[in-house]
Amino acid sequence: RKEVEQDPGPFNVPEGATVAFNCTYSNSASQSFFWYRQDCRKEPKLLMSVYSSGNEDGRFTAQLNRASQYISLLIRDSKLSDSATYLCVVPPGGGGQGNLIFGKGTKLSVKP
Amino acid sequence: DGGITQSPKYLFRKEGQNVTLSCEQNLNHDAMYWYRQDPGQGLRLIYYSQIVNDFQKGDIAEGYSVSREKKESFPLTVTSAQKNPTAFYLCASSMREGGGTDTQYFGPGTRLTVL
């Protein structure tokens, strides 16, 4: 299994829809996770951190399933401005010297 | 305003030339990183530094060099030895080395094109 895997999409959804992305990871010792948002030709920006079972921030909910080694991102009531690529980010496990591992991203396109 | 700045935003160079990309942060972060992103690809780590005067190779360090003489600055030199230098280069920083839960914050990036 690759270290971090994401469905590249694109996910094409209408405004107001609910959409969910999954991200699977291979290192069972990883403790915390991140979702970043990257707009076209821009830098990634932190969307959410996931430290335990999950985290909610407005229309966005991130959940962690350690048993199955995946994290998910749920976006409710999609807006046009949500169109972007969403990167799943996994730290190395065990507090070691390694660095964050970035997924290739899932592209979301919200249509009017 | 606290943040990370990178310059220039766009850079063109001729094949065979070395070029240095600037990265500055005023967040008082200890750790700094350089990534490369190619179209449709994830971020790949080039070099990182946890503390002044110390840096470590990442996954794709060949053809690149860095220095960390000041906490605020982590310039990246793309040398002529780098075979495919055209890419989007992103600098990031975090409070400490990102092996734990520290969030990395990114600069706006430099888009390098080799002609």
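Residues numbered from 1 in each chain as written. Chains lettered and ligands numbered in written order. Predicted model: local features only at pLDDT ≥ 70, side-chain atom pairs only at ≥ 80, totals over all residues. Heavy atoms only, no water.

A. Seen up close, the pattern of salt bridges. Residue and element names in this part refer to chain A. Applying the stated criterion across every chain yields a total of seven salt bridges over all chains. In this structure, the salt-bridge partner of Arg 37 is Asp 39, at a minimum N-O distance of 2.8 Å. The partly exposed category is assigned to Asp 39, whose relative accessible area is 30%. Of the charged contacts in the structure, one is a salt bridge between Glu 56 and Arg 76, with a shortest N-O distance of 3.5 Å. With a gap of 20 residues between them, Glu 56 in strand β6 (residues 54–57) and Arg 76 in the loop between β8 (70–75) and β9 (84–90) connect regions that are remote in the sequence. (Salt bridge = Lys/Arg side-chain N within 4 Å of Asp/Glu carboxyl O. Buried < 20%, exposed > 50% of the residue type's maximum accessible area, 1.4 Å probe, protein only. Helix = DSSP H or I, 4+ residues; strand = E, 2+ residues; numbered from the N terminus.)

B. Fine view of unusual backbone geometry. Cis geometry is found at the peptide bond from Gly 9 of chain A to Pro 10 of chain A, where omega equals 5°. Relative to the helices and strands, Pro 10 of chain A resides in the loop between β1 (4–6) and β2 (11–14). Omega for the peptide link from Ser 7 of chain B to Pro 8 of chain B comes to -10°, which places this bond in the cis form. Secondary-structure assignment places Pro 8 of chain B in the loop between β1 (4–7) and β2 (10–13). For Asn 53 of chain B, which is not glycine, the phi dihedral falls at a positive 65°. With respect to the helices and strands, the residue Asn 53 of chain B is situated in the loop between β5 (43–51) and β6 (54–57).

C. Region of the structure containing the state of the cysteines. All names here are of chain B. Enumeration according to the criterion identifies two disulfides over all chains in this entry. Sulfur-sulfur distance for the disulfide between Cys 23 and Cys 91 comes to 1.9 Å. With the S-S bond torsion at -75°, the cross-link from Cys 23 to Cys 91 turns out left-handed. Separated by 68 residues along the polypeptide, Cys 23 in strand β3 (residues 19–25) and Cys 91 in strand β9 (residues 87–94) bring together distant segments of the chain. A relative accessible area of 1% means that Cys 23 is categorised as buried. For Cys 91, a relative accessible area of 0% translates into the label buried. (Disulfide = S-S within 2.5 Å.)

D. Up close: the sheet that holds strand β3 (residues 19–25) of chain A. Residue and element names in this part refer to chain A. What the five strands build is an open sheet, ordered β1-β3-β8-β7-β6; its pairing is antiparallel. Both edges of this open sheet fall to β1 and β6, since each of them pairs with a single strand only. Sheet twist, expressed as the average angle between the axes of neighbouring strands with direction ignored, equals 15°. (Pairing = 2+ DSSP bridges. Axes fitted to C-alpha atoms, helices over the stretch in contact; angles between N-to-C directions.)

E. Layout of the interface of chain B and chain A. Opposite the 25 residues of chain B that make contact, chain A presents 23 residues. Both faces combined, the contact of chain B with chain A buries some 1,800 Å², and carbon together with sulfur accounts for 48% of it. Between the two partners, chain B and chain A, sit zero salt bridges. Remark: the boundary between chain B and chain A carries two residue pairs in polar contact (both at pLDDT 80 or more). If you list the elements that add at least two residues to the side of chain B that touches chain A, you get β4 (31–37), β5 and β9 of chain B. Sorting elements by how many residues they give to the side of chain B that touches chain A places β5 of chain B first, with four residues. Of the residues contributing to the side of chain B that touches chain A, the split by class is ten nonpolar, twelve polar and three charged. (Contact = heavy atoms within 4.5 Å. Buried area = accessible area lost by both parts, 1.4 Å probe. Polar contact = N/O pair within 3.5 Å; in protein donor to acceptor, adjacent residues only side chain to side chain. Nonpolar A, V, L, I, M, F, W, Y, C, P; charged D, E, K, R; others polar.)

F. How the structure looks around a nonpolar patch on the surface. Side chains of Tyr 10, Phe 12 and Leu 115 of chain B sit close together on the surface and give an oily, nonpolar patch of about 380 Å² of accessible area. Within the secondary structure, Tyr 10 of chain B is located in strand β2. (Patch = residues over 30% accessible without salt bridge, like charges linked within 9 Å, V, L, I, M, F, W, Y side chains within 5 Å. Areas by Shrake-Rupley, 256 points an atom, 1.4 Å probe, with all protein chains shown as cover.)

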